[in-house]
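Each chain, written out:
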Amino acid sequence: MSEPSTTTTPSTLQRTKSVIAACLGAVLLQIVLAAPLQAAEEYRTVTVTDPYLELHTGPGRGYPVFHVVDRGEDVDIVKRRTDWFLVRADNGKEGWVDLAQMELTLDPDGEQVVFQRASIEDFTNARWETGFLAGDFGGANIVSLYGSYSLNPHVAVELWGSQILGNFSNGWMGSVNLVHETWPEWRVSPFFTLGAGVIHTEPKSTIVQGVDRTDQIGHVGGGFRVYVMRRFLLRAEYKSYVVFTSRDENEEVEEWKVGFAFFF
Amino acid sequence: MESRFRVLFLMTTAIGLSGCAATKNLFGWGEPAARSSLSEPPGQVIDPEVERREIKEPAIDREDFEIGAFAGLMNIEDFGTDLVYGVRFAYHVTEGFFVEATAGHSRAGLTSFEVLSGGARLISDSERDLYYYNLNVGYNVLPGEVFIGEGRAYNTSLYLIAGLGSTEFAGDDRFTVNVGLGYRFLLTDSIALHVDFRDHLYDIDLLGEEKTAHNPEGHIGFTVFF
């Protein structure tokens, strides 16, 4: 039974590969072709109820108003960037309108238009979070990225990747953390964290002696998440690490970090 | 030993503190949330059957992200100036404020010593490759418009960035601080041309004494908002 299989495998593989390639090609083509079509369909029309809607030349407060749309007229929303909306008036003029003015328009059902904006409630309840922190890891510099998934407003699981850049050695560290927030609804929310992972260190090339090492680590710590605005938060934390080395003594390392993060 | 006990104590406290409150929420062990036990007012006969209207946000294309590539020149201190190229990714938080990640590659030339001495080499060929990544915070300090001829106006912005990252060069990863100034020129509402000047600072002891090396970079890039 083994013989036929050896002859069929390559052709099956090839067929599978070509099918995958064709699928990928089709998907890519669809993305390329569909993007402008979809964009064309996604225009949303709203009716101006304020005395007038001011169209700015750019998505920012400083850009001058170059056109106004009167009360009762319709505009199409083309896209949104931060808190600014590119709209197209009936006469074809396109300009940027800020969120506060857009929320004074009516949708086709005559209801007031409401746009999504992240608030402190999302800070408490959002599922996903990602951030960047930097600081001191036992005298060395550390740069970290993390992703977090909240099981509920109090408990989150985090995945961390860090690069350690010291005077004598460099390294990488990866860890899984469990984070608990007692008062997640507070604007400055304290948390406890507990985790385990792996650390890899290699001495600098200018250091003559020394070998690469990979060790397991465990850590405990705490810190604060601070809501700033929209999806944006600041985070500061302290962690105490135990490095389980293969030598007689375990190493202990203290770490301080600050940085920013976003929730989704 | 004392510090080991301290860690153990910290761990148990943390588990205890977080555990108690966490399990309550995780498995629903704690007191069930107080349910409203208000009985209907005696006078009410007909329930008002008005459904609460769902508020739906119109499906609008959001363009807060920016992705692109750049190429330019980078001066690696002591090693001359060479081509640099890389990629950039940004997220615009507000109209003024954004965060940005960049990654780039350049290649070091020869130091003056290496040129004069003939064959001597300070670092190997593979160690001359320089790779960097940076995570920056940026601010559009001077947004504005420029006019080309009478009928054309383009939105532009002068921005400042600062951030941290790492540079792999001469056999080591080096903690790197970078600061810079950039000019964004929006060709359309979604496509931007960038001109950037940045300085990458890291400590290096390759030539004996440790010093902070300045590695200025100038590049031109294109980005697309999506």
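Residues numbered from 1 in each chain as written. Chains lettered and ligands numbered in written order. Predicted model: local features only at pLDDT ≥ 70, side-chain atom pairs only at ≥ 80, totals over all residues.

**Re the overall build of chain A**
- Within chain A, the regular secondary structure consists of three helices and 15 strands.
- Scored against the burial criterion, the 264 residues of chain A give a buried share of 33%.
- If you take every contact in chain A between residues at least 6 apart in sequence, the share linking residues at least 24 apart comes to 46%. (Helix = DSSP H or I, 4+ residues; strand = E, 2+ residues; numbered from the N terminus. Buried ≥ 20, exposed ≤ 12 C-beta atoms within 10 Å, placed from the backbone. Contact = placed C-beta atoms within 7 Å.)

**Focus on the interface of chain B and chain A**
- Facing 41 residues of chain B, the contacting portion of chain A comprises 44 residues.
- Secondary structure elements with two or more residues in the side of chain B that touches chain A: α1 (2-27), β1 (61-62), β5 (129-148), β6 (152-169) and β7 (172-186) of chain B.
- When residues of the side of chain B that touches chain A are assigned to their parent elements, the largest contribution, twelve residues, is made by α1(B).
- The class makeup of the residues in the side of chain B that touches chain A is 20 nonpolar, nine polar and twelve charged. (Nonpolar A, V, L, I, M, F, W, Y, C, P; charged D, E, K, R; others polar.)

**Re the pairing of strand β10 (residues 155-165) of chain A**
Residues and elements named next belong to chain A.
- Here strand β9 (residues 140-150) runs beside β10; their pairing, made up of ten bridges, is antiparallel. Bridge assignment links Y149 to a residue of β10, and that residue is V157.
- Between β9 and the antiparallel strand that follows it, β10, lie four residues.
- By the bridge criterion, eleven bridges tie β10 to strand β11 (residues 169-181) in an arrangement that is antiparallel. Among the inter-strand pairings, V157 is bridged to a residue of β11, identified as L178.
- Counted along the chain from β10 to the antiparallel partner β11, the turn is three residues long. (Pairing = 2+ DSSP bridges.)

**Structural notes on the sheet that holds strand β9 (residues 211-225) of chain B**
All names here are of chain B.
- One closed barrel holds the eight strands; their spatial order is β2-β3-β4-β5-β6-β7-β8-β9, and the pairing between them is antiparallel. Each adjacent strand pair in this sheet contributes to an overall mean axis angle of 25°, direction not counted.
- Examined bridge by bridge, β6 and β7 share 14 bridges and lie antiparallel to one another. If you follow G163 over to β7, its bridge partner there is N178. (Axes fitted to C-alpha atoms, helices over the stretch in contact; angles between N-to-C directions.)

**A closer look at the pairing of β9(B)**
Residue and element names in this part refer to chain B.
- Two elements, strand β2 (residues 65-75) and β9, share nine bridges in a ladder whose sense is antiparallel. Along β9, the bridge assignment pairs M74 with E217.
- Where strand β8 (residues 191-204) meets β9, 14 bridges bridge the pair, whose relative direction is antiparallel. Bridging across to β9, R198 finds its partner in E217.
- Here β8 folds back onto β9, and the loop between the two strands holds six residues, one of which, G208, carries a positive phi near 100°.

**So, the sheet that holds strand β13 (residues 213-229) of chain A**
All names here are of chain A.
- The sheet built from eight strands closes into a barrel, its strands ordered β8-β9-β10-β11-β12-β13-β14-β15 with antiparallel pairing. The average angle at which neighbouring strand axes cross in this sheet is 25°, direction not considered.
- Summarising the sheet, β13 and strand β14 (residues 232-244) pair through 13 bridges and their orientation is antiparallel. Note on β14: the bridge partner recorded for I217 is V243.

**Points about the environment of A:F260**
Residues and elements named next belong to chain A.
- Structurally, the position occupied by F260 is in strand β15 (residues 251-263).
- Considering only alpha carbons, one finds F260 and D83, 177 residues apart in sequence, at a separation of 20 Å.
- Dropping the residues within four chain positions of it, F260 is found in contact with G131, F132, F232, L233, L234 and R235.

**Here's the deal with the domain arrangement of chain A**
- Considered domain by domain, chain A is made up of domain 1 (44-106) and domain 2 (121-263).
- For domain 1 of chain A and domain 2 of chain A, the distance between their C-alpha centres works out to 44 Å. (Domains from an automatic or database assignment.)

**Concerning the nonpolar core**
- By size, the foremost hydrophobic cluster in this structure holds 30 residues, and its most contacted members are A:A134, A:A140, A:I142, A:I164, B:I76 and B:L130.
- Sorting the residues of this core by element identifies β8 (128-137), β9, β10 and β14 of chain A together with β5, β6 and β8 of chain B as the ones contributing at least two each.
- It is β8(A) that contributes the most residues to this core, four residues altogether.
- If we skip the residues at most four places from it in the chain, A:A134 touches A:I142, A:V143, A:S144, A:K257, A:G259 and B:L164. (Core = buried A, V, L, I, M, F, W, Y, C linked by C-beta atoms within 7 Å.)

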